[in-house]
Each structure stands twice: as C-alpha cells, then as structure tokens.
Amino acid sequence: MSDFARQQSEFQRGILAGDDAILDEILDSPRENRATLFGVYRYAYGSRLVEAMRNDHELLHLYLGDETFDEMGHAYVKARPSEHPNLRWFSQGLPEFFKTADPYCNHPILSDLAALEKSLNDAFDATEAPVLTLEDMAGFAPEVWNDLMFKPHPSACRLDVRTNAAAIWMALKNDETPPDATSLDEPSRLLIWRQDTTPMFRELTAEEAMMWDEAANGIPFGVLCEMLATYDDPDGAAARGAGYLHGWITSGALTSVSAGE
Amino acid sequence: MNVASKLPDPSVAPPADPRPSATPPFLGFGLGLRAQHYDEILNSHPPIDWFEVISENYMLPGGQPLRILDRICERYPVVMHGVSLSIASTAPPNFEYLQNLKDLARRVEPKWISDHLCWTGVHGKNLHDLLPIPYTEEALDHVVSRVQLVQDFLGRALVLENVSTYVQFNNSEMTEWEFLSELSRRSGCWLLFDINNVYVSAFNHGYDPLTFLNGIPADRVVQFHMAGHSHMGTHIIDTHDHPVCEDVWDLYVAALKRFGRVSTMIERDDNIPPLDELLLEVNRTREIAERVLPSGKLAG
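Model, not experiment: these values are computed from the prediction.

Here is what the cut-offs are and how they apply
- Residues numbered from 1 in each chain as written.
- Chains lettered and ligands numbered in written order.
- Predicted model: local features only at pLDDT ≥ 70, side-chain atom pairs only at ≥ 80, totals over all residues.
- Helix = DSSP H or I, 4+ residues; strand = E, 2+ residues; numbered from the N terminus.
- Rg over C-alpha atoms; globule rule 2.2 N^0.38 Å.
- Buried ≥ 20, exposed ≤ 12 C-beta atoms within 10 Å, placed from the backbone.
- Pairing = 2+ DSSP bridges.
- Axes fitted to C-alpha atoms, helices over the stretch in contact; angles between N-to-C directions.
- Contact = placed C-beta atoms within 7 Å.
- Left-handed = near helix turned anticlockwise from the far one by under 90°.
- Nonpolar A, V, L, I, M, F, W, Y, C, P; charged D, E, K, R; others polar.
- Domains from an automatic or database assignment.
- Parallel < 35°, antiparallel > 145°, perpendicular 65-115°, else oblique.
- pLDDT = per-residue confidence, 0-100.
- Right-handed = clockwise from strand over helix to strand, strands pointing away.
- Core = buried A, V, L, I, M, F, W, Y, C linked by C-beta atoms within 7 Å.
- Expected span 1.5 Å × (residues − 1).
- Arc of directions from axis to C-beta.

## Quick notes on the overall build of chain A
Link 1 in the chain: Assigned secondary structure in chain A consists of eleven helices and five strands.
Link 2 in the chain: Relative to a compact globule of 261 residues, whose C-alpha radius of gyration would be 18 Å, chain A shows 25 Å and is clearly more extended.
Link 3 in the chain: C-alpha extents for chain A along the principal axes are approximately 85 × 45 × 30 Å.
Link 4 in the chain: Across the 261 residues that make up chain A, the buried fraction comes to 34%.

See the structure below:
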C-alpha cells in the first residue's frame, strides 16, 4: 500500500471510528489545535448524513421529533456507512434497519412508515415510461381481451404493511395529530405509483391486490378473472376485473398492454 | 504469437502530453440551480446567464428533477458540477459512477463538467465530504493519472475546484497552489477557482489568499465560485449557507484583475433564500466585473 493510500485509510478511520492516529500526521493551525480542526470533518460526516435522512423521511422526522430522529439517524449512520456515491440512496436501508436494530425493532410502525416513505421517494424519480390510456385499450376486439397482459408503470410498486402506517402518514401529511400506532389483523395492501410527477398511494382490497400482483406477473386478463371468481361472486368477476383495470389505467399505474402469444 | 511483443515498450514511449482542449467559453454570470427555485425560474425566466447543476442530483432514473433539468437546458447554458468523483481517492475508480456521469452529460450537453480536487472515501465507503490531500509528489502523480483516465473515459477535459480545508498534512512537499498548477499543466485539466474556498483555507492555515491567487496560472482558470461561510473565531467552515462576505468580494476584485474575464457564479447550498436575494448577488458579480475589467473585456 502506498503512503498516500495508507494516509487516506487512517484519515477515514479517524472519521468513522474516532481513531486519533491521523492526528500525528496533521498540523495545528496558527489559531487552533489539530484535534479541533479534524473534528470539523468528524462532525460534518454524521450531521450531513442525518440531514439527508431528514430530507428523505420528512414525515418520519415529524413523527419522531428532532431529538429521537437524530439519535436514530446517528445509529443508522454508524450501522450502515454509505457505500454509494449518491446521497439519494443512503436511506434505502432504513426500513430493514428498523426491523432488526434494537430498540426500533420493538416498534413495527417505524419500519412500515419508513417503507412507505421510501416507496414514495422511489416512485418520485423512477424511470420514465409511457402511461397506458383508455384510448390504447379501444383498439382491442372483445375476443382478444382474455389474452391481454398488462405491464405496471416502472414507478408502481406494492407494499404490505402490518400497522396503521398509512393512516399515520396521511395525518402527518395533513398536519393533523396522528392516531396511536396499532398492529393490524390483516395487512394493509398499498399500491404506490407516480401520477405525472406526483407520487401517490392508495389502499387496495385483498381481491384487487391479488389481481394487481398477478397482472404484474404477466397473468392474462382472462385468467385474472377466473382468479377473481374465487374471491367473490363468480358472475361478477369479469366486471370487477374490468373495474379494477379501469382504475389502474385512469390513475396512470400501467405502462403498456399486449395481446400475448 | 507473443502479444506483449506487439505492444509499445513503455520504457521508450514518450511522456504523454496532456490532451489539448479548446478553452471553455465565457458564460457570463450565473447561479447554482436549486430545487427551491425551480418554479420561479421556469415561470419567470430570470435574467441569469447560465446555471450550474449538481450532477448527482440528476443521476436518477427519471421523474420531475430530470424533466425540469431538460427544460432548464432548453433555455439556459448549463455546466455540471459533481461532488462524488473522488478524483484523489486511492481506491479504484468507480466506473459505474463515471458511466452515469457520462450518460447525464449526453443528456445535458454541459459547457463543461467540474468536480473537486479531493477524495470522498476508500474501502468501498463514501463519506460524502470533500476530504483534503497531502500536497506530495506521490499524490500529484496519482491524481494526474486519475485525471487523465477520467478525461479519456469522458472524452473531455475536466474542470477541478480547490476545496476548503481545515487541516494540513505534515508531509506536504509543496503548496496547494503549486499542486493545482502542476496538476493542470500535466493533466490538461482546467481550474474552477472557488474564491470563498481560497479565503477559508487561507484563514484556516494562516497564509495570504493573494499568494494563493497569484500562484495559479492565469490561463487555466475557467470558472469562479462565490459563496458564504461560517466563521467560528479560530477557523472558518465552508457552509455555503450565508451571503458572500465583504472580504470575499474584495478577493473577487483581485481575482478579476489577475484572471480577467471568467465565468462566475453564486453558489448557495443551504439556508436557501428567495431567488431575488441571490439575483442581487449575481448582479453584483456582474457589476464588479464591469467596473474592474477594462472596457470591452466582458463582451464576446
């Protein structure tokens, strides 16, 4: 290892691990000692990353308050140093961190709330793609509808949460007092996507969530209707399927349709 | 066949000359593009000559930031300014990052691409800070070779900025301005002269900022940054969250006298004020240049 490389390793260790060995290689200034000056880098490291987390998780920050959020943020910075050149991706591991790190793992609302904010952030700057319109559907003859397969817009994703994270998110967004965090018997099934430039989410029924998930897997419309028939009134399955599809198309959650092979 | 025998013998190859590149154009007086001002800029098209954009803010798959950037590029000259090139890192270069940077440049068609003379991490970590280097021959050789590699990869000359530093290494063998001058001479990169950073580093390390200024070759500087900082009494921190202070305005006058007509911009990264407030600072950069430079030197 070159001396330059060794020195950079020492410098980085001084910031990440608080090791003081690098102080032997730097100078006091005319007005200040080297420990204080090196401390500027140490302080900036943690505060910059926590600031980035505050920006990515505005409502989680609001929910936890400054002190608790910053304490959590510094714990996250310590547990998961950034490995990406773009700060945009630094907070991506937060939902997983909440699931495993004590004491946060005792509060499942945190992981769910972070996952919802992460999904909305991801939808915000997801890849561009055309949006499927009702006009695009008009060209298909009734006899080919059973074979139609739909592709979700790249910004669209599904998220199941086991807490009332959606209600808490909504209250925080509307500057209202959030309800107490509670666990749900049945998961809340969310669809997240970007409408033009705005990230959106809404809750799906178990039936609609099933149809979305299977449609995203490439299951054709005719089979989707057969599957819907096992959830509720079989005679109304095709109408329900068409209704769900209409909602996805008009909200901009799909990018394309194909008639299959 | 012995493949090696077909390769040029490095021991007899002439030393590589830096690739000559056309001097970047003079763009006038600009501003760093920030999300807080998107709507106002797109709706009222303020009289700003050009914008500098933070490259990483747009190295994204898609969405509103890129759509807005496209609209800005339709109306204004743009330069790309990065914070994560980590040109002085001893870690292997991040070619995925470089490819993303190149892809963004293909979209933006910037007048130039700049970043900082610094490193941001080693061993797979990124500290998201502009970290200082020792000014040694070893470091210089390393950075020159990295700049040449990146310039070859991007197919264009880089512009590199002096950073604010809080520490100096005891093994430095030359001054920062000697290092920058030699780096530019040997690699062919251009220089972004951050006047606030010169002021901050000069205060922190106890030298005269004019010595730094006079030590930089006048024909290699293609851009000025003007920014604010936070004074801690015994040292200054480069926070970019205040208006430009009067001492830095004075140094700007000296820089104009030494370097002449140089594309200049106001860089505010935090505590972002209304656009009008920053436009006053942009206008001041223009007014001072018109006053300091001989008549006609701003034209063209």
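Next, the rest of the story.
## Focus on the sheet that holds strand β4 (residues 198-204) of chain A
Residues and elements named next belong to chain A.
Link 1 in the chain: Across the sheet, three strands lie side by side as β2-β3-β4; this open sheet has antiparallel pairing. One side of each edge strand has no neighbouring strand; the edge strands of this open sheet are β2 (157-163) and β4. Averaged over all pairs of adjacent strands, the angle between their axes in this sheet comes to 30°, without regard to strand direction.
Link 2 in the chain: Two elements, β2 and strand β3 (residues 183-195), share six bridges in a ladder whose sense is antiparallel. When the sheet's bridge partners are listed, C157 is paired in β3 with I192.
Link 3 in the chain: Most of the contacts of helix α8 (residues 165-173) go to β2, to which it runs at about 100°, and overall it touches β2, β3 and β4.

## Here's the deal with the packing of helix α2 (residues 34-56) of chain A against helix α4 (residues 66-79) of chain A
Residues and elements named next belong to chain A.
Link 1 in the chain: Relative to each other, α2 and α4 sit at 115°, their axes nearing to 9 Å. The chirality of how α2 crosses α4 is right-handed. Of the residues in α4, those in contact with G46, L49, V50, M53 and R54 of α2 are F69, D70, G73, H74, Y76 and V77.
Link 2 in the chain: When its residues are assigned to classes, the contact of α2 with α4 shows six nonpolar, three polar and two charged.

## Considerations on the interface of chain A and chain B
Link 1 in the chain: Each side of the interface is counted separately: chain A has 42 residues, and chain B has 41 residues.
Link 2 in the chain: Elements with a contribution of two residues or more to the side of chain A that touches chain B: α1 (3-16) and α2 of chain A.
Link 3 in the chain: No other element matches α1 of chain A, which puts ten residues into the side of chain A that touches chain B.
Link 4 in the chain: Here the residues of the side of chain A that touches chain B sort into 20 nonpolar, eleven polar and eleven charged.

## Details of the sheet that holds strand β3 (residues 78-81) of chain B
All names here are of chain B.
Link 1 in the chain: Strand order in the closed barrel made by the eight strands is β1-β2-β3-β4-β5-β6-β7-β10, with parallel pairing throughout. On average, each strand axis in the sheet is tilted by 30° relative to the strand beside it, whichever way the strands run.
Link 2 in the chain: Relative to β3, strand β2 (residues 51-54) runs parallel, the two being bridged by four bridges. Bridged to I54 within β3 is H81.
Link 3 in the chain: On the sheet, helix α9 (residues 246-259) packs against β6 (190-194) and β7 (221-226) and is oriented at approximately 170° with respect to β7.

## Regarding the domain arrangement of chain A
Residue and element names in this part refer to chain A.
Link 1 in the chain: Domains assigned within chain A are domain 1 (1-84) and domain 2 (107-261).
Link 2 in the chain: Placing the centre of domain 1 and that of domain 2 at their C-alpha centroids yields a distance of 40 Å.
Link 3 in the chain: The interface is formed by six residues belonging to domain 1 together with nine residues belonging to domain 2.
Link 4 in the chain: With four residues, helix α3 (residues 58-64) is the single largest residue contributor to the side of domain 1 that touches domain 2.
Link 5 in the chain: Looking at the side of domain 1 that touches domain 2 residue by residue, the class counts come to four nonpolar, one polar and one charged.

## Thoughts on the packing of helix α9 (residues 206-216) of chain A against helix α10 (residues 221-228) of chain A
Residues and elements named next belong to chain A.
Link 1 in the chain: Packing of α9 against α10 brings their axes to within 10 Å, and their N-to-C directions diverge by 150°. In terms of orientation, α9 lies roughly antiparallel with respect to α10. Along this stretch, α9 crosses α10, giving a crossing that reads as right-handed. Two secondary-structure elements touch here, α9 through E207, M210, M211, E214 and A215 and α10 through L224, M227 and L228.
Link 2 in the chain: Of the residues in the contact of α9 with α10, the class split is six nonpolar, no polar and two charged.

## Digging into the confidence of the model for chain B
Link 1 in the chain: For chain B, mean pLDDT is 93; residues scoring 70 or higher make up 92% of the total.
Link 2 in the chain: As scored by the predictor, the complex reaches a pTM of 0.93 and an ipTM of 0.93.

## Some details on the pairing of β2 of chain B
Residues and elements named next belong to chain B.
Link 1 in the chain: Summarising the sheet, strand β1 (residues 29-32) and β2 pair through two bridges and their orientation is parallel. Pairing of L31 across the sheet is with F51, part of β2.
Link 2 in the chain: Regarding the hand of the β-α-β motif, the stretch spanning β1, helix α2 (residues 38-44) and β2 is right-handed.
Link 3 in the chain: Between β2 and its parallel partner β3, the chain crosses via helix α3 (residues 64-75), and the hand of that crossover is right-handed.

## Some words on the nonpolar core
Generally speaking, nonpolar side chains in soluble globular proteins are found buried as a group.
Link 1 in the chain: Core analysis: the largest hydrophobic core is formed by 136 residues, its most contacted members being L113 and L116 of chain A together with V159, L191, I195 and M226 of chain B.
Link 2 in the chain: Here this core takes eight residues from helix α6 (residues 108-124) of chain A, the largest share from any one element.
Link 3 in the chain: When residues of this core are sorted by domain, at least three fall in each of domain 1 (1-84) and domain 2 (107-261) of chain A.

## As for helix α4 (residues 95-108) of chain B
Residues and elements named next belong to chain B.
Link 1 in the chain: The terminal C-alpha atoms of α4 lie 20 Å apart, and with 14 residues this matches the ideal 20 Å at 1.5 Å per residue to within 8%.
Link 2 in the chain: Within α4 the residues assigned to the buried category are Y97, L101, L104 and V108. Across the axial projection of α4, the buried residues extend over an arc of 65°, all falling on one side. Those residues of α4 that are exposed and angled more than 90 degrees off the buried face are F95, E96, Q99, D103 and R106.
Link 3 in the chain: Check the buried side of α4 and you find it contacts α3 and β3.
Link 4 in the chain: Phi for E109, located one or two positions after α4, is positive at around 50°.

## Digging into unusual backbone geometry
The phi angle of most residues is negative, glycine excepted, and most peptide bonds adopt the trans form.
Link 1 in the chain: At the junction of D102 of chain A and P103 of chain A, the peptide bond is cis and its omega measures out at 5° in the coordinates.
Link 2 in the chain: Secondary-structure assignment places P103 of chain A in the loop between α5 (94-100) and α6.
Link 3 in the chain: Not every positive phi belongs to a glycine, and H128 of chain B is a case in point at roughly 50°.
Link 4 in the chain: Along the chain, H128 of chain B turns up in the loop between β4 (113-116) and α5 (137-154).
Link 5 in the chain: A positive phi angle, near 55°, is found at H240 of chain B, a position not held by glycine.
Link 6 in the chain: Tracing the backbone through its elements, the reader meets H240 of chain B in the loop between β9 (236-237) and α9.

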